[in-house]
Amino acid sequence: MSRNGLLAALVASVILSAGSATAQEQPTGAAPAMSAPAAPAAPAVAPLAQQQPGTQPNTTAPAEAGPSMAMELTLPHDLSPWGMFMAADIIVKAVMIGLAFASLVTWTIWLAKSLEIFAGKLRIRRAVRAIGDAATLKQASRALDRSGGPGALLVRAAEEETALSTGALDHVSGDGLKERVTSRLSRIEAAASRRMSRGTGVLATIGSTAPFVGLFGTVWGIMNAFIGISQAQTTNLAVVAPGIAEALLATAMGLVAAIPAVVIYNVFARSIAGYRQIVADASAGIERLVSRDLDFRTVAPATAMAAE
């Protein structure tokens with residue numbers, strides 16, 4: 001055999017041995033391994049044809065949106081004064097109810113006291129005119145016989161004191177009678193002033209304390225609002241604003257109750273001072289009538305009758 005034939009036989013034997021070894025490594029009856037095509041992955045979002053037009057796919061996890069959505073459902077959305085009152089704490093509600101009652105008392109006193117001062121000034125002015133037109137104490141008493149008020153009381157008190165001192169006038173001068181009449185008239189003036197000032201102290205109390213009561217409600221409400229913020233573990237303005245608005249409503253009601261009370265109190269103080277001055281004018285006129293009557297007692301009866 002030639003050299004080329006030997007080389008060809010050797011190569012053929014090597015190829016046959018390699019093929020037999022590969023056949024022994026594969027299991028009997030197994031199909032030749034073929035690479036199957038990979039299955040398409042599930043789409044992360046819905047196809048574009050199934051999405052609504054104009055919307056974007058929601059990529060937010062439901063677990064992250066759960067607490068915030070629950071908090072938004074529990075937030076008060078009615079921020080009107082009545083809605084804030086109904087959503088407020090029980091202490092803040094009590095403060096608001098008290099301030100509303102104080103405001104009602106203020107306007108009630110304003111109405112009642114305005115009518116009282118107007119009627120009182122009208123009566124005392126009529127009495128002052130009657131006293132000024134009278135020449136003697138008896139004439140003033142007849143003019144005010146059917147009227148009431150401090151003017152008629154002043155005239156009656158002067159008449160009573162003059163009647164009680166009639167027996168002593170023949171032995172002593174009339175200075176003692178003037179002092180006694182002045183003392184009784186001053187007490188009647190003070191009583192009339194106290195009667196007319198009745199109720200104004202309530203206005204002063206409301207005007208001075210209502211802002212502080214409203215401030216207490218505000219502090220309590222803000223404290224509860226901060227507690228709610230801490231429990232919600234969020235600083236979102238939608239969570240913070242309703243509680244603070246409810247708290248500030250108490251301060252607003254305190255100012256609504258206090259400002260009219262202070263203004264009305266100052267108006268009544270000036271009106272009562274004017275009323276007191278008119279009563280003093282009536283008292284001074286009666287003192288002049290008493291002094292005139294004493295002077296008539298020292299002159300001749302004919303002169304006294306002519307003066308009457």
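The rules we used
- Residues numbered from 1 in each chain as written.
- Predicted model: local features only at pLDDT ≥ 70, side-chain atom pairs only at ≥ 80, totals over all residues.
- Heavy atoms only, no water.
- UniProt positions renumbered as here; feature names shortened; annotations may be inferred.
- Helix = DSSP H or I, 4+ residues; strand = E, 2+ residues; numbered from the N terminus.
- Contact = heavy atoms within 4.5 Å.
- Areas by Shrake-Rupley, 256 points an atom, 1.4 Å probe, with all protein chains shown as cover.
- Axes fitted to C-alpha atoms, helices over the stretch in contact; angles between N-to-C directions.
- Parallel < 35°, antiparallel > 145°, perpendicular 65-115°, else oblique.
- Left-handed = near helix turned anticlockwise from the far one by under 90°.
- Nonpolar A, V, L, I, M, F, W, Y, C, P; charged D, E, K, R; others polar.

The name given to the protein in an unreviewed UniProt entry is Biopolymer transport protein ExbB, and the organism recorded there is Mesorhizobium newzealandense. Check the Subunit (unreviewed entry) section of the UniProt entry for the protein; it says "The accessory proteins ExbB and ExbD seem to form a complex with TonB."

Visitor: How should I be thinking about the overall build of the protein in this particular structure?
Guide: Along the protein, the regular secondary structure elements total 10 helices and 0 strands. Put simply, the protein runs from its N terminus to its C terminus through helices and strands in the order α-α-α-α-α-α-α-α-α-α. Taking the contacts inside the protein whose residues are at least 6 apart along the sequence as the reference set, 80% of them involve residues at least 24 apart. Accessible surface for the protein amounts to roughly 20200 Å². Of this, 64% is attributable to carbon and sulfur atoms.

Visitor: Would you explain the packing of helix H4 (residues 90-133) against helix H8 (residues 200-232) in this entry?
Guide: A packed helix pair is summarised by two numbers, namely the angle formed by the two axes and the spacing between the axes. Packing of H4 against H8 brings their axes to within 10 Å, and their N-to-C directions diverge by 160°. The orientation of H4 with respect to H8, classified from their angle, is roughly antiparallel. You can see that H4 and H8 cross each other, and the crossing is left-handed. Between H4 and H8, the residues in contact are Ile91, Val92, Val95, Leu99, Ala102, Val105, Thr106 and Ile109 and Val202, Leu203, Ile206, Ala210, Val213, Gly214, Phe216, Gly217, Trp220 and Gly221, respectively. Here the contact of H4 with H8 is composed, by residue class, of 14 nonpolar, 4 polar and no charged.

Visitor: How should the UniProt feature "transmembrane region" (unreviewed entry) in the protein be read in this particular structure?
Guide: Per the UniProt annotation, the sites labelled "transmembrane region" (unreviewed entry) are residues 90-112, 202-227 and 247-268. In this annotation, residues 202-227 is assigned 100% helix and 0% strand; the end-to-end C-alpha distance for the span is 37 Å. Here residues 247-268 is 100% helix and 0% strand, with 33 Å between the C-alpha atoms at its ends.

Visitor: I tried to follow the packing of helix H6 (residues 150-164) against helix H7 (residues 175-197) on my own but got confused; where do I start?
Guide: With their axes 9 Å apart at the nearest point, H6 and H7 run at an angle of 155° to one another. Between H6 and H7, the interaxial angle falls into the category roughly antiparallel. Considering only the axes of H6 and H7, their crossing is right-handed. Residue-level contacts link Pro150, Leu153, Leu154, Ala157, Ala158, Glu160, Glu161 and Thr162 of H6 to Leu177, Arg180, Val181, Arg184, Leu185, Ile188 and Ala192 of H7. Taken together, the residues of the contact of H6 with H7 sort by class into 10 nonpolar, 1 polar and 4 charged.

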